[in-house]
Amino acid sequence: MANKQALRDLQTRLAERMQQVKTETPGVSWLAVDCAGQGLLLSLKQAGEIFDLGALLPVPHTRPWLAGVVNLRGGVFAVVDLARFLGLRPANAPAQQQRGKLVAFNTALGINGALLIDRLEGLRHAQDMQAGGESHDNAPRPAFAPARWRDKAGREWQEIDLAALAKQPQFLAITG
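Residues numbered from 1 in each chain as written. Predicted model: local features only at pLDDT ≥ 70, side-chain atom pairs only at ≥ 80, totals over all residues. Heavy atoms only, no water.

Chemist: Where do I start with the pattern of salt bridges in this structure?
Modeler: Proximity of charged atoms lets side chains of opposite charge pair with each other. All told, the structure shown has ten salt bridges when counted by the stated rule. Residue Asp-81 pairs with Arg-84 through a salt bridge whose shortest N-O separation is 3.7 Å. Each member of the pair, Asp-81 together with Arg-84, is buried. Glu-156 serves as the salt-bridge partner of Arg-148, at 2.7 Å between the closest nitrogen and oxygen. The structure contains a network of salt bridges with shared partners spanning Asp-34, Arg-119, Glu-121 and Arg-155. (Salt bridge = Lys/Arg side-chain N within 4 Å of Asp/Glu carboxyl O. Buried < 20%, exposed > 50% of the residue type's maximum accessible area, 1.4 Å probe, protein only.)

This is the structure we're talking about:
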């Protein structure tokens, strides 16, 4: 008899929890990365696999931020040095290619590209962050940088929308 009641209680709790999940807004989570000391948040829905940096083949006559191309799981991917593209590292500064990581775009975005980042910083969740204001210089943000966030330790993070980034004319103009 006690087992029947325990089973009913479990079923009731599960039904309540399933109803609660239906009404909750899904959490937002990011892959946190560091590029030239700047914390960046890449949506887990838009970021793909993470790779150790392999041998990059340089591509002549391209912008300094195009680090080259690389073979990832049998596919050729263009690699963008994200710190250089964002202007966080000057074009003539030495590359962080010995220690860097590659974050591929999610295959759903249809882009054979990867971002060269300096360091992985783990995962961040919106419920653990506080929405930040404008940047210190109050300069307008590009469309691919929708929001700033601050974590509990006080570090500021810039959210990067990878789908919007991939559509930017500057991002697509690799020759120059």
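Now that the structure has been shown, we can carry on.
Chemist: Even after reading the chapter, I still don't get the nonpolar core, so can you show me in this structure?
Modeler: Counting 24 residues, the largest nonpolar core has Leu-42, Ile-160, Leu-162, Leu-165 and Phe-171 as its most contacted members. Within the residue set of this core, elements represented by two or more residues are β1 (29-35), β2 (38-43), α2 (82-85), β6 (101-105), β7 (113-117) and α3 (162-167). Sorting elements by how many residues they give to this core places α3 first, with four residues. Once you skip the residues sitting within four places of it in the chain, Leu-162 turns out to touch Leu-42, Gln-46, Ala-47, Phe-105, Leu-109 and Leu-115. One finds Phe-51, Leu-56, Leu-72 and Ala-114 within the second-largest nonpolar core, a separate group that totals twelve residues. (Core = buried A, V, L, I, M, F, W, Y, C linked by side-chain atoms within 4.5 Å. Helix = DSSP H or I, 4+ residues; strand = E, 2+ residues; numbered from the N terminus. Contact = heavy atoms within 4.5 Å.)

Chemist: When you look at the sheet that holds strand β8 (residues 119-125) in this model, what are you seeing that I'm missing?
Modeler: Paired through backbone hydrogen bonds, the strands of a sheet run either parallel or antiparallel to each other. What the six strands build is an open sheet, ordered β8-β1-β2-β11-β10-β9; its pairing is mixed. Edge positions in the open sheet fall to β8 and β9 (130-131), since each of these has one partner strand only. Two strands pair when backbone bridges link them, and β9 and strand β10 (residues 148-150) are joined in this way by two bridges, in the antiparallel orientation. Within the sheet, the bridge partner assigned to Gln-130 lies in β10 and is Arg-150. (Pairing = 2+ DSSP bridges.)

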